[in-house]
Amino acid sequence: MRGTVGTDVQQRPAAGLAGVARPCKLPTPPTPLIGRDRERAAAASQLRRAEVRLLTLTGAGGVGKTRLALAVAEDLLGAFEDGAFFVDLAPIVDPALVPSVIAGVLEVGETARKPLVESLVDHLRGRSLLLVLDNFEQVLAAAPLLAELLTACRALKVLVTSRAALHISGEHEFPVPPLELPDPKHLPDLEALSQYEAVSLFIQRARAARPDFQVTNTNAPAVAELCARLDGLPLAIELAAARVKLLSPQALLARLERARLASPLHLLTGGARDLPARQQTLRSTIDWSYDLLEPGERALFARLAVFVGGCSLEAVEAVCSAGEDLPLDVLDGLALLVDKSLLRQAEGPEGEPRFGMLETIREYAAERFEASGDAETLRRRHAEYYLALAEQAAPELLGPQQGTWLERLEREHDNLRAALGWALERGEETVGLRLAAALGQFWEVRGHLGEGQGWLERALSRWPEAPAPARSGALSAAGSLAYVRGEYERAATLLEESLSVRRALEDRPGVALSLHKLGRVEHYRGDFERAAALYDESLAIRRALGDARGVAWSLNSSAVLARDRGDDDRARALYQESLAHFRELGDTWGIGLLLNNLARIARDREDWERAAALCAESLALFQELGDRTGVAWVLSNLAVVAQRRGAWESAARLHGAAEALRETIGLAAIFLSPSERARYEAAVATTRAELGDRAFAAATAAGRAMPAEEIARAALLGAGPTAGAERAEDAPPSSAAPAPDREPSPLTRREREVAALVARGQTDRQIAESLVITEGTVGVHLANIFSKLDLHARAQLAVWAAEHGLLAAHPD
C-alpha cells in the first residue's frame with residue numbers, strides 16, 4: 001500500500017541480468033510487502049509481454065496500488081537495460097506540470113530551444129526503461145502525453161497507479177483487489193488463519209505497535225471480523241492494527257461497531273507522520289477521490305449509499321434518477337464511478353451488471369447522502385421500488401421460475417431489510433405491511449424463519465388498525481412462520497384473525513388459504529377432526545375457483561392427515577394426485593415436498609430402493625432452491641431409514657445434521673406430523689440404545705460438524721441404490737423402455753438407463769430431459785454408478801455399457 005512506501009527515493013544500482021547493474025530510482029519501502037504474490041506475478045507477467053507497454057493498476061484508495069507497483073518494478077529491473085524510475089504525481093493537480101515532474105526524476109533539463117516534451121522524447125528514445133507513475137488520477141488530462149511518449153519511444157514501458165483508468169490507446173487495466181480475507185463465520189485453525197493476507201498484515205502491523213501481540217483462540221474471531229469489516233483494505237487494516245497498542249481486537253471491534261452507528265471513519269486515524277496527510281486517515285484517503293469527481297458524479301455517488309449490499313442497474317435508474325433530477329446519465333455516471341474505483345461492478349447470474357461499494361467507501365458516501373438534502377426522498381423511492389419487486393416475486397415463488405426469484409430476493413435481502421426498517425421507522429404502514437407479507441414465502445423457504453416472523457410481528461403491532469387488505473396478508477404470513485417454528489398457539493391466533501378479516505372482505509382465495517393454514521395448525525396440535533373440516537372447506541373453495549396450486553396443497557395436507565390416522569393407502573393416493581398437480585405446474589418446491597412424503601411411505605413398507613430414490617430426487621430439488629427446511633426434512637427421513645436398516649452410526653450422524661440445520665434456521669424440533677414425529681423419535685431412541693450414550697453423542701457431534709450434503713450422500717449410498725433405484729411408480733414414466741440385460745448387473749434399472757445414455761454421448765442435461773428427472777439427480781446416479789463399478793470417467797463407463805449390452809438393452 002502507498003502508506004508503506006516512505007520517502008526514501010534515491011539513485012541506486014540494481015542487479016540485472018548476469019549481475020549487470022541497472023539504474024534504479026525507486027523508493028525503498030520501510031516494511032516488507034505482505035501477500036500479493038498472485039497479483040505481483042500476474043502484473044509482472046503482463047509487462048513482460050511485448051504488446052503490453054502501458055499497464056494501469058487501478059483500485060480504491062488504500063488498496064495498495066503503490067506498494068504493488070514498486071514490487072513489480074523491482075521484479076522487472078533485469079528486463080530493462082536502462083532501469084526503472086518512480087515518479088510521484090501526488091503533489092501536483094495541474095496536468096500541464098506532469099512533463100516537468102517526469103523530467104525532474106529523469107534529470108532531463110529544459111532548454112529554450114525545444115519544448116520539454118520533445119526533450120523527454122529525445123532522452124527516452126532508444127532507452128529500455130520502465131517508468132512508474134504514481135497517483136495519476138488527479139492529472140488524467142495528461143494521459144495523451146503518455147501515448148505520445150510510448151509512440152515515439154519503442155523500448156519504453158509505463159506502469160501507472162491510478163484510482164481511475166486513463167482510457168488511451170494501448171492501455172491495459174489491472175484492477176488491484178483487496179487483500180484475501182477469511183470467512184469470519186467459518187474460521188480455520190490459527191496457523192491457517194494467519195496465512196490469509198489481510199490477517200497477516202494485521203498481525204505484522206499490530207506487532208509493530210505492540211511486540212508481544214499474538215493471535216489466539218480468544219481474539220481470532222475479532223481479528224477476522226475486523227479485517228472483513230475493513231474490506232481487506234491495507235490502509236484501513238494498518239490504521240486499525242495500530243490501535244492494538246491500547247485496545248484488544250475484541251475491544252477495537254466493539255468500538256468500530258459503535259462508531260459505525262455514528263461516524264466510523266473517525267476511528268481509523270493515526271497513520272504515520274511521515275506519510276502524506278491524505279494517507280494518515282481513511283477519511284482523507286476517500287476525500288482525495290471524492291474531490292476529483294464532477295458535481296453530477298458526486299450526486300450519484302452519494303445517492304448510491306441508499307442501497308445496502310449492492311444493486312442492479314434497474315434499481316439505480318428507478319431510485320436515483322426517477323425524478324430526472326440527476327445532472328448526468330445514470331449509465332454514464334456508473335461507468336465513471338467504476339472507472340474511478342469508487343464503485344465495484346460484477347456480473348449477475350443472468351449477465352446483468354450489479355454494482356456495489358466497499359463498506360468503508362459506502363459509509364463515507366452515506367455521510368454525503370445524509371447531508372445532501374434529498375435523503376428522505378431517495379429512501380421513499382428505494383422502499384417503493386423494493387416493495388414492487390417483492391410483490392412481483394411473491395406469485396413467482398410458487399411457479400416454475402421460483403428458483404430464479406428466490407435467488408434474486410436473496411441477493412436483495414439487505415435492501416429489503418433496509419426498506420422494511422425505513423417503513424417501520426417512518427410509520428409507512430401500507431409499505432411496511434405489504435412488503436413484510438410479500439416476503440413471507442421467501443423467508444419460509446430460505447429458512448429466515450425467526451427474522452421473518454420478527455419483521456411481521458413488529459409490523460402488525462406497529463399498525464393494529466391498518467387497512468384490512470394489507471393487515472390480512474401480514475397476519476397470514478406471520479401465522480405460517482409461527483407454525484413452521486412450532487409456535488402453534490401464536491399461529492392459531494394470527495390465522496384466526498386473518499380468516500376473520502378475509503371473510504369480512506369476501507376474499508375467497510384468501511379465505512381458502514387461511515382455512516388451509518389453520519387446518520395445518522390444528523392438525524399438528526392433534527385435533528384431527530377440526531383439521532379435516534378445515535382442509536375440506538379449503539379444498540372445496542379451491543376446486544370451485546379452479547385454483548390448481550391450492551388444490552395440490554390441500555391434497556397434500558389431507559394425505560398427511562390420512563397417514564396420521566393410519567390410512568397409508570388413502571395417503572399414497574392423495575400424495576400421487578397432489579404430485580401430479582405440482583408437476584403440471586412446474587412447482588419445484590411442491591415436487592420436492594411430495595417426493596419426500598412418498599419416500600416415507602416407501603420407507604415404512606421397507607421398499608428401500610424406492611425410498612432412497614425418492615429421497616435423492618427430493619434432496620436435489622431442495623438443494624437447487626436453497627431450501628434448508630426441505631433439506632432438514634429429508635435428513636430426518638433418512639435418519640429413520642438408516643435406523644430401520646441397522647446403520648446405527650449413520651442414523652446418529654443424520655440426526656445430528658438435521659438437528660444442527662433446524663437449530664440454525666429456527667425450525668421447530670417437532671416440526672413433523674404427529675405420526676412421523678413418533679417414528680422419528682423412536683428411531684433416535686433406538687439408535688441411542690444400540691450405540692450407547694457415548695458413541696451416540698460422538699456420532700451426533702460428527703453429524704453436526706459435517707456438511708449436510710456430504711452426510712446425505714453417504715447415507716444414500718448406504719441405503720441402497722438411491723438415485724440408481726428403479727423409478728418409483730409415483731414419478732412419471734421414463735422415455736426409455738428397458739429390456740432385460742444379457743447378464744446380471746450391479747446396477748439398478750435406472751442406473752442402467754443413465755449408463756446407456758452416457759454411452760450415447762448425452763450430457764447430464766440431456767439425460768435429465770430424456771428421463772424426466774433433474775440434473776442433480778443425474779449427478780447422484782452417476783456417483784453411484786462410478787462407485788459401484790470402480791470407474792472414474794465417462795469414457796470408461798461408455799466402454800463398460802457397450803461391453804455389457806446396455807446399448808442394445810436400452811434403445812433410444
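See the structure printed just above.
Residues numbered from 1 in each chain as written. Predicted model: local features only at pLDDT ≥ 70, side-chain atom pairs only at ≥ 80, totals over all residues. Heavy atoms only, no water.

(A) Structural view of the overall build of the chain. Scanning the chain from N- to C-terminus turns up 39 helices and eleven strands. Taken over 812 residues, the chain has a buried fraction of 55%. Long-range pairs, those at least 24 residues apart, make up 70% of the contacts in the chain with a sequence separation of at least 6. Summed over its atoms, the accessible surface of the chain is roughly 33000 Å², and 51% of this surface lies on carbon and sulfur atoms. (Helix = DSSP H or I, 4+ residues; strand = E, 2+ residues; numbered from the N terminus. Buried < 20%, exposed > 50% of the residue type's maximum accessible area, 1.4 Å probe, protein only. Contact = heavy atoms within 4.5 Å. Areas by Shrake-Rupley, 256 points an atom, 1.4 Å probe, with all protein chains shown as cover.)

(B) Just the sheet that holds strand β8 (residues 171-175), in detail. Strand order in the open sheet made by the six strands is β3-β5-β6-β7-β4-β8, with parallel pairing throughout. The open sheet has two free edges, formed respectively by β3 (24-25) and β8, since each of these has just one partner strand. Of the strand pairs in this sheet, strand β6 (residues 129-134) and strand β7 (residues 156-162) are connected by five bridges, and their pairing is parallel. Bridge pairing in β7 places Leu131 opposite Val158. Sitting on the sheet, helix α1 (residues 37-48) touches β4 (54-58), β6, β7 and β8, and the angle it makes with β8 is about 175°. Contacts between helix α3 (residues 98-106) and the sheet are confined to β3, β5 (84-88) and β6, with β5 contributing the most and set at about 140° to the helix. (Pairing = 2+ DSSP bridges. Axes fitted to C-alpha atoms, helices over the stretch in contact; angles between N-to-C directions.)

(C) Structural context of the sheet that holds strand β9 (residues 311-312). The three strands lie next to each other as β9-β11-β10, forming an open sheet whose pairing is antiparallel. The open sheet has two free edges, formed respectively by β9 and β10 (344-347), since each of these has just one partner strand. As judged from the two bridges shared by β9 and strand β11 (residues 353-356), these two strands associate in the antiparallel manner. Looking at the pairing, Cys311 lines up with Phe355 of β11.

(D) Seen up close, helix α29 (residues 608-625). Taking 1.5 Å per residue as the helical rise, α29 with its 18 residues ought to reach 26 Å, and the 26 Å between its terminal C-alpha atoms agrees with that figure. The element α29 is largely enclosed, with a buried count of 14 among its 18 residues. Just downstream of α29, Gly626 is the residue with a positive phi angle, here 70°. (Expected span 1.5 Å × (residues − 1).)

(E) Inspection of the packing of α29 against helix α30 (residues 628-644) at higher detail. Interaxial distance between α29 and α30 falls to 9 Å at its minimum, and their mutual angle equals 160°. When the axis of α29 is compared with that of α30, the two are roughly antiparallel. Once α29 is placed against α30, the crossing between them reads as left-handed. For the pair α29 and α30, contact is made by Trp608, Cys615, Ser618, Leu619, Phe622 and Gln623 and by Gly630, Val631, Trp633, Val634, Asn637, Leu638, Val641 and Arg644, respectively. (Parallel < 35°, antiparallel > 145°, perpendicular 65-115°, else oblique. Left-handed = near helix turned anticlockwise from the far one by under 90°.)

(F) Quick look at the packing of helix α13 (residues 313-320) against helix α16 (residues 375-396). Viewed as axis vectors pointing N to C, α13 and α16 meet at an angle of 135°, and their least axial separation amounts to 8 Å. Considering their axes alone, α13 and α16 lie oblique with respect to each other. Where α13 crosses over α16, the two elements pack in a sense that is right-handed. From α13, Glu314, Ala315, Ala318, Val319 and Cys320 reach across to α16, where they touch Leu378, Arg381, His382, Tyr385 and Tyr386. Partitioning the contact of α13 with α16 into residue classes produces seven nonpolar, one polar and two charged. (Nonpolar A, V, L, I, M, F, W, Y, C, P; charged D, E, K, R; others polar.)

(G) Seen up close, the packing of aromatic side chains. Here the structure, examined in full by the defined rule, presents 13 aromatic pairs. On the basis of an interplanar angle of 50° and a centroid distance of 5.9 Å, the ring pair of Tyr290 and Phe301 is categorised as tilted. A residue pair is termed long-range when its members are at least 10 positions apart, and Tyr290 in helix α11 (residues 282-290) and Phe301 in helix α12 (residues 295-303) qualify at eleven residues. Judged by its relative accessible area of 10%, Tyr290 is buried. (Phe/Tyr/Trp six-rings, centres within 6.5 Å; stacked < 30°, edge-to-face > 60°.)

(H) Region of interest: the side chain of Thr700. Mapped onto the elements, Thr700 comes out in helix α33 (residues 693-705). Overall, the relative accessible area of 11% leaves Thr700 in the buried class. Look past the residues within four positions of Thr700 in its chain and what remains in contact with it is Ala652, His655 and Gly656.

(I) Spotlight on the environment of Leu76. Here Leu76 shows up in helix α2 (residues 65-76). Each C-alpha atom of the pair Leu76 and Ala44 lies 6.8 Å from the other, and the pair is 32 residues apart in sequence. Those residues in contact with Leu76 that lie beyond four places of it in its chain are Ala44, Leu47 and Arg48.

(J) Broad picture of helix α4 (residues 116-124). Of the positions making up α4, those classed as buried are Leu116, Ser119, Leu120, Val121 and Leu124. Immediately beyond the C-terminal end of α4, within one or two residues, lies Gly126, with a positive phi of roughly 85°.

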